[in-house]
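Observations on chain architecture
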Amino acid sequence: MTRERRTMEERIVTYEPDNSLKSGYLSIFAEIFRELARNRWLTYQLFKRNFLALYKQSFIGVFWAVILPLISVGTFIILNRSGIFSLGHMKVPYAIYAVLGLAFWQIFATGILASANSLVQAGPMITKINFSKKSLVIASAGQALISFAVQIILVLVLFVLYRFVPDVRILLIPLMIVPIVLLTLGLGLILSLLNGVFRDIGNALSMVITFFMFLTPVLYAEPSAGVLAVITRYNPLYYLVAAPRELVLTGAVVHWKGFLASSIFSLAVFTACILAFHLTETRVAERI
Amino acid sequence: MKNDIAIKVENVSKKYCKTLKRSMLYGISDISRNLIGLGSRPGMLRRDEFWGVDDISFELEKGQVLGLIGPNGAGKTTVLKLMNGIFWPDKGRITLKGRIGALIEVGAGFHPMLTGRENIYLNASILGMTKKETDRKFDEIVEFSGIADFLDTPVKFYSSGMFVRLGFSVAVHSEPDILLVDEVLAVGDSAFRAKCYKRIGEILPGSAVVLVSHNMVNISRLCENTIVLEGGRAVFHGETDLAIDRYHSLLKTAGEEPRGIFTCPSMNSFSCRVLNRDVNYGDNLKIELSFDSSEDIRTGLCLMAVSEADVYVGQTDFSEAFKEIKRGKNRFILEAGPACLRKGEYEVTITVLDVSKKQTIVHAVNCDEFVLRGPRGYGVEYQIPYIKIY
């Protein structure tokens, strides 16, 4: 952490042990905000780097993002048709319901995986150049938004195929995904730090996320009874995925209270996590 | 802070942990303590910890170059990283004025899959340059690196030299007020190295430079003052010339230079002696070679290399004059000079290969030594012309 002060022409930086503690929490928020604002260009460059690096040596490139939902949804349709399990009752075509749900879900899943591994992957760079590590994590999480955009195109194709007319409030999507983006960024920041110290985090993460996906009604309808119904009721991720989906498909959000509560929860998580990250990021650079 | 002081390092210490698992535990405990608003008790050592950098202080003004030298593991790079803000100090304080440019590893921010052009923008942004600045400097960066033809080739297809040139080029064009350089000048060919020195000379008036190097020629050429580090402590801080002496005496006490004479089977009782072991600056060196040979040998490449504390300083190639070895006793005197070297203690290594250059006839490492007296001052890597053999 650095205490900075603008002088007449030059920036003065001081490095001291624990010096972030001396400046107080309020000024830390200002510091974080300034850092993010100053490093917008860097964030964009890192985002571009991740994007190009991922898709440059690949023929179908960004359309890989379409394959995952097609396969998962296809599997579920087959399981359902052979009577192995029931997807629950729903008013809209299942393919649309599931692909749209997955699009919102993978903002969380892809975002967290990418950001949690970002610091470790950049290891040598972090120990050799001093640059904004927040930018790095945020840029990595940004990958999820690219996949999201591609999957939304897939959803639009499905709308045409099934002759389904979505509600005009589909235009509110960018606003509706803000909470899930905040939650992803917050958890991604803190997990990237922990992963820097304990590699176990990165190893366990994709398993945990898959587990959560089956726990959350993304690919099946909201359960009405049983343990799963109770878990769903207190699962913020369900509301963050279901509310935008309901809005697109029906034009109304049934669980708006749950969505509001989950949004507040997400904001709180994000705030706490970025604060923790800011206070401890250089500690991790020396352990990475 | 006084106006023209760019770097102020006050009693800075930094601890390291020897074991990985403990390091993880300490890391998590430091992080948790910071999070709940407690200090991390940085001043005390826990089990398996040691001070990697111990109580270092110095100040540097704009336009000055400070050298940091010392044996491996003395803490040189850690000091640079502390100044760059990559690590926090555990004790003391570092104050820096202006933009910091660090050449700790050239091209560390490069991505192999991206093209040279994309990497210039990426690396520039990592080093803190804005888009406008990068646009403005772009042509200059490309020109300096000399890779204009490969600008749109992915960096992974670059040779290591091209990679380094591009990395250095981006870094020196960020116009830092403070430039931290870690041993990166050792890379690239000599023409590019010369260009780098010129560039450092250009940015020098407006910036303070800290240079870490094992190459004493570079240190003595660039730095007025030098700190000698050993085991994390500054054991000397002052004039570069005295610092280099101190460094060499450190290396001497740390361990004798390897010595060894290897000869091919047909050669016996080889000896190499410096006849004038006290040489004045500009004098000729006289070296006596004597041996028995059981056959006639046509020699190919014959070299005498001179090193100071195991650091290569210069050589003379006497292949032209030393073309054959006769069967029986041989005795030659090799005279080389003038020895325009920095004052100091030097070691002599003799290498003789046969005409096909496939077999080593003699490799006598550090077989004798001499002391050069004379002016303190700048030595250069030096080709010592041989004069004659008799």
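Not measured: the values here are computed from a predicted model.

Side note on unusual backbone geometry
Residue and element names in this part refer to chain B. With phi around 70 degrees, D48 is a residue other than glycine that occupies positive phi space. Tracing the chain through its elements places D48 in the loop between α1 (20–35) and β2 (49–61). The class for D48 is partly exposed, based on 13 C-beta atoms found within 10 Å. The backbone of S269 shows a phi angle near 40 degrees, a positive value even though the residue is not glycine. Along the chain, the position of S269 falls in strand β11 (residues 267–274).

A look at the interface of chain A and chain B
Residue-level contacts link 36 residues of chain A with 44 residues of chain B. Mapped onto the side of chain A that touches chain B, the elements with two or more residues apiece are β2 (11–15), α3 (40–55), α6 (123–126) and α14 (256–285) of chain A. For the side of chain A that touches chain B, a count of residues per class yields 18 nonpolar, eight polar and 10 charged. Here β2 of chain A runs beside strand β4 (residues 91–97) of chain B; their pairing, made up of four bridges, is antiparallel. Its bridge partner lying in β4 of chain B, I12 of chain A is registered against K97 of chain B.

Re the sheet that holds strand β9 (residues 233–239) of chain B
Residue and element names in this part refer to chain B. Sheet architecture is open: six strands sit in the order β5-β6-β7-β3-β8-β9, paired in mixed fashion. Whereas interior strands pair on both sides, the edge strands pair on one side only; in this sheet they are β5 (100–103) and β9. Going across the sheet, the axis of each strand differs from the next one's by a mean of 15 degrees, ignoring polarity. Pairing of strand β3 (residues 65–69) with strand β8 (residues 225–230) involves four bridges; the strand directions are parallel.

Some remarks on the environment of L100 of chain A
All names here are of chain A. Mapping L100 onto the fold places it in helix α5 (residues 94–121). For the pair L100 and I126, spaced 26 residues apart in sequence, the C-alpha to C-alpha distance is 37 Å. Beyond its immediate sequence surroundings of up to four residues, L100 is in contact with V155, R245 and V248.

Digging into the confidence of the model for chain B
In this model, chain B carries a mean pLDDT of 84, and residues with pLDDT of at least 70 account for 92%. Taking the mean pLDDT of every element in chain B, the minimum, 58, falls on strand β20 (residues 382–383) of chain B and the maximum, 93, on β8 of chain B.

Considerations on the confidence of the model for chain A
Residues and elements named next belong to chain A. Per-residue pLDDT for chain A has a mean of 86; in total, 94% of the residues score no lower than 70. Within chain A, the lowest mean pLDDT, 42, falls on strand β1 (residues 3–6), and the highest, 94, falls on helix α7 (residues 133–141). Low pLDDT (under 50) marks residues 1–9, which in the prediction has 17 contacts with non-local residues, meaning those over four places away or in another chain.

A closer look at helix α3 (residues 116–126) of chain B
Working note: α-helix, 3.6 residues per turn, so residues spaced by three or four point in the same direction. α3 of chain B sits mainly inside the fold: 10 of its 11 residues count as buried. Looking at the buried positions of α3 of chain B, the neighbouring elements they touch are α3 of chain A together with α4 (131–145) and α5 (160–172) of chain B.

Describing the nonpolar core
V99 of chain A together with L68, M83, L180, V210 and L211 of chain B are the most contacted members of the largest nonpolar core, which has 142 residues in total. Setting aside chain neighbours within four positions, we find L180 of chain B in contact with L80, M83, N84, I100, A102, L103, I104 and V210 of chain B.

Here we look at the environment of W105 of chain A
Residues and elements named next belong to chain A. Inspection of the secondary structure puts W105 in helix α5. The class for W105 is buried, based on 27 C-beta atoms found within 10 Å. When the C-alpha positions of W105 and V241 are compared, they lie 6.1 Å apart, and in sequence the two are 136 residues distant. The contacts of W105, once residues within four sequence positions are left out, are M213, V218 and V241.

With respect to the packing of α5 of chain A against helix α11 (residues 200–215) of chain A
All names here are of chain A. Between α5 and α11, the shortest axis-to-axis distance is 10 Å and the interhelical angle comes to 175 degrees. With respect to their mutual orientation, α5 and α11 come out roughly antiparallel. Contact residues: α5 offers W105, A109, I112, L113, A116, N117 and V120, while α11 offers I201, G202, L205, S206, I209 and M213.

Considerations on the packing of α5 of chain A against helix α10 (residues 178–197) of chain A
Residue and element names in this part refer to chain A. In the contact formed by α5 and α10, the axes pass within 7 Å of each other and the chain directions differ by 25 degrees. Overall, the two elements α5 and α10 adopt an arrangement that is roughly parallel. Judged by the twist between their axes, the crossing of α5 over α10 is right-handed. For the pair α5 and α10, the contacting residues are F104, I107, F108, G111, I112, S115, A116, N117, S118, L119 and V120 in the first and I180, V181, L183, T184, L187, G188, L189, L191, S192, L193, N195 and G196 in the second. When grouped by side-chain class, the residues that make up the contact of α5 with α10 number 14 nonpolar, nine polar and no charged.

Here is what the cut-offs are and how they apply
- Residues numbered from 1 in each chain as written.
- Chains lettered and ligands numbered in written order.
- Predicted model: local features only at pLDDT ≥ 70, side-chain atom pairs only at ≥ 80, totals over all residues.
- Helix = DSSP H or I, 4+ residues; strand = E, 2+ residues; numbered from the N terminus.
- Buried ≥ 20, exposed ≤ 12 C-beta atoms within 10 Å, placed from the backbone.
- Contact = placed C-beta atoms within 7 Å.
- Nonpolar A, V, L, I, M, F, W, Y, C, P; charged D, E, K, R; others polar.
- Pairing = 2+ DSSP bridges.
- Axes fitted to C-alpha atoms, helices over the stretch in contact; angles between N-to-C directions.
- pLDDT = per-residue confidence, 0-100.
- Core = buried A, V, L, I, M, F, W, Y, C linked by C-beta atoms within 7 Å.
- Parallel < 35°, antiparallel > 145°, perpendicular 65-115°, else oblique.
- Left-handed = near helix turned anticlockwise from the far one by under 90°.

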